Amino acid sequence: SSQSIGFPNTVLNTAVADALQELGDALEAEPGEDREAAARRVIAKAYREHQRIVFNGNNYSAEWREEAARRGLPCFESAVEAIPALLDSKNIALFQRHKVLSENECRSRYGIMLENYTTVVLIEAETMLEMAKKGILPACTKYLGRLCRDVDSLAAAGIGCSSPREKAEELAALTDGISLAIDSLAEGLARTNACRDSAGKAQLAREMASKLMPQLRSLCDRAEHLVPSDIWPFPSYADLLYTQ
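Reading the values: the criteria
Residues numbered from 1 in each chain as written. Predicted model: local features only at pLDDT ≥ 70, side-chain atom pairs only at ≥ 80, totals over all residues. Heavy atoms only, no water. 1 Å grid on protein atoms, 1.4 Å probe; cavity = no way out; pocket = protein on both sides within 12 Å on 5 of 7 lines; lining within 4 Å. Points joined across faces, edges and corners; volume = space filled by probe spheres on them. Helix = DSSP H or I, 4+ residues; strand = E, 2+ residues; numbered from the N terminus. Nonpolar A, V, L, I, M, F, W, Y, C, P; charged D, E, K, R; others polar. Patch = residues over 30% accessible without salt bridge, like charges linked within 9 Å, V, L, I, M, F, W, Y side chains within 5 Å. Areas by Shrake-Rupley, 256 points an atom, 1.4 Å probe, with all protein chains shown as cover. Salt bridge = Lys/Arg side-chain N within 4 Å of Asp/Glu carboxyl O. Buried < 20%, exposed > 50% of the residue type's maximum accessible area, 1.4 Å probe, protein only. Contact = heavy atoms within 4.5 Å. Core = buried A, V, L, I, M, F, W, Y, C linked by side-chain atoms within 4.5 Å. Expected span 1.5 Å × (residues − 1). Bend = angle between axes of the 7 residues up to and from the residue. Polar contact = N/O pair within 3.5 Å; in protein donor to acceptor, adjacent residues only side chain to side chain. Disulfide = S-S within 2.5 Å.

## A few points about the layout of surface pockets
Then comes step 1: Taken as a whole, the second largest pocket encloses approximately 470 Å³ of empty space.
Then comes step 2: What lines the second largest pocket is a set of 17 residues, among which Met131, Arg217, Asp221, Glu224 and Phe234 lie closest to the centre.
Then comes step 3: Of all the elements in the fold, those that place two or more residues in the lining of the second largest pocket are α6 (103-156), α8 (198-224) and α9 (237-242).
Then comes step 4: Tallying contributions element by element places α6 first for the lining of the second largest pocket, with six residues.
Then comes step 5: Considering only residue class, the lining of the second largest pocket consists of 11 nonpolar, two polar and four charged.

Quick look at the structure:
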């Protein structure tokens with residue numbers, strides 16, 4: 001969704017041009033002088049042959065994925081799955097037929113798109129690791145220490161308040177979870193950087209972006225609700241929106 005609309009528009013315009021040429025050739029081949037009747041026959045035939053691709057619902061929904069599978073249509077859920085379609089022989093032939101891209105240009109764009117995807121994910125993963133290791137994890141540990149001191153102080157005073165202990169236990173579990181998630185993301189990052197195959201590297205990057213990074217993000221989000229703002233290392237959305 002972050003890419004320029006230029007190339008998607010190139011693909012769509014080429015596909016539309018190809019379809020219009022096919023319809024035009026079919027219309028020219030129709031016998032008789034009644035062009036309107038001929039056009040209706042051509043359109044009706046095209047609709048019968050291709051109506052399985054028509055879907056008027058939400059193409060981003062689970063409903064469409066199920067319907068696409070039922071119709072035998074591809075349904076790519078990530079860029080890593082979609083980009084290799086550029087090398088399908090029928091797609092290369094389409095671009096060549098209209099002199100839009102050569103086969104070498106298709107293969108070049110395939111490599112560039114995979115590299116761009118992987119590079120962005122790697123930058124985001126490195127940044128996330130730095131934020132979690134040097135900011136969030138130390139903040140959680142610091143506040144956990146404060147809570148433990150509060151629990152000890154209350155116990156020494158004979159005050160039976162359970163809230164600090166419960167909060168400390170919850171934050172301790174989150175801190176352990178964040179530490180493990182950091183290790184998992186670091187391992188995933190190392191595996192991705194070590195991979196020398198562009199397609200395999202992009203797939204590893206996708207696994208990080210879809211699994212390891214959301215896991216760490218979820219734990220950090222939960223910790224943010226427990227750690228007070230004077231200890232939390234990053235501004236909240238409220239700070240960004242309302243602080244001068």
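## Details of a nonpolar patch on the surface
Then comes step 1: On the surface, Tyr237, Leu240, Leu241 and Tyr242 cluster together to form a nonpolar patch covering roughly 590 Å² of accessible area.
Then comes step 2: On the secondary structure map, Tyr237 appears in helix α9.

## Quick notes on the side chain of Thr175
Then comes step 1: With respect to the element layout, Thr175 can be found in helix α7 (residues 163-194).
Then comes step 2: On the basis of relative accessible area, Thr175 is assigned to the buried category, the value being 10%.
Then comes step 3: Setting aside chain neighbours within four positions, we find Thr175 in contact with Leu137, Cys140 and Thr141.

## Remarks on the pattern of salt bridges
Then comes step 1: Applying the stated criterion across every chain, the model contains 11 salt bridges.
Then comes step 2: Between Arg65 and Glu77 there is a salt bridge, with its nearest N and O atoms 3.6 Å apart. Taken together, the residues Arg65 in helix α3 (residues 62-71) and Glu77 in the loop between α3 and α4 (79-82) connect sequence positions 12 residues apart.
Then comes step 3: The partner of Arg146 in a salt bridge is Asp230, with the nearest N and O atoms 3.4 Å apart. Pair noted here: Arg146 is in helix α6 and Asp230 is in the loop between α8 and α9, with a separation of 84 residues, a long-range link.
Then comes step 4: Taking relative accessible area as the criterion, Asp230 reaches 57% and is therefore assigned exposed.
Then comes step 5: Here the residues in one salt-bridge network are Glu67, Arg70 and Arg71, joined through shared partners.

## Observations concerning the nonpolar core
Then comes step 1: Counting residues in hydrophobic clusters, the biggest one holds 33 residues, and the most contacted among them are Cys140, Leu171, Ile178, Leu185, Met208 and Leu216.
Then comes step 2: Breaking this core down by element, the ones donating at least two residues are α6, α7 and α8.
Then comes step 3: Per-element tally for this core: the top contributor is α6, with 13 residues.
Then comes step 4: Ignoring sequence-local partners within four residues, the contact set of Leu216 consists of Met128, Ala132, Ile178, Ala181, Ile182 and Leu185.
Then comes step 5: Counting 10 residues, the second largest nonpolar core, distinct from the first, contains Ile83, Ile92, Leu101 and Ala202.

## Quick word on α8
Then comes step 1: With 27 residues, α8 extends 36 Å from end C-alpha to end C-alpha; this agrees with the ideal 39 Å at 1.5 Å per step.
Then comes step 2: A maximum bend of about 35° is found in α8 at Met208.
Then comes step 3: Of all the residues in α8, the buried ones are Ala202, Ala205, Met208, Leu212, Met213, Leu216, Leu219, Cys220 and Ala223.
Then comes step 4: Its buried side turned inward, α8 meets α4, α6 and α7.

## A look at the environment of Thr14
Then comes step 1: The topology assignment puts Thr14 in helix α1 (residues 6-29).
Then comes step 2: Taking the relative accessible area as the measure of exposure, Thr14 reaches 5% and is therefore buried.
Then comes step 3: For the pair Thr14 and Cys75, spaced 61 residues apart in sequence, the C-alpha separation works out to 20 Å.
Then comes step 4: Residues in contact with Thr14, not counting those within four places in the same chain, are Leu94, Phe95, His98 and Val100.
Then comes step 5: In terms of polar contacts, Thr14 uses its side chain to reach the backbone carbonyl oxygen of Thr10, at 2.7 Å.

## Re the state of the cysteines
Then comes step 1: Under the defined criterion, the tally for this structure stands at zero disulfides.
Then comes step 2: Cysteine Cys140 shares no disulfide, and the gap to the nearest cysteine sulfur, in Cys220, comes to 7.0 Å.
Then comes step 3: Here Cys148 is not disulfide-linked; the sulfur of Cys140 is the nearest cysteine sulfur, at 13 Å.
Then comes step 4: Classification of Cys148 by relative accessible area gives partly exposed; the value is 38%.

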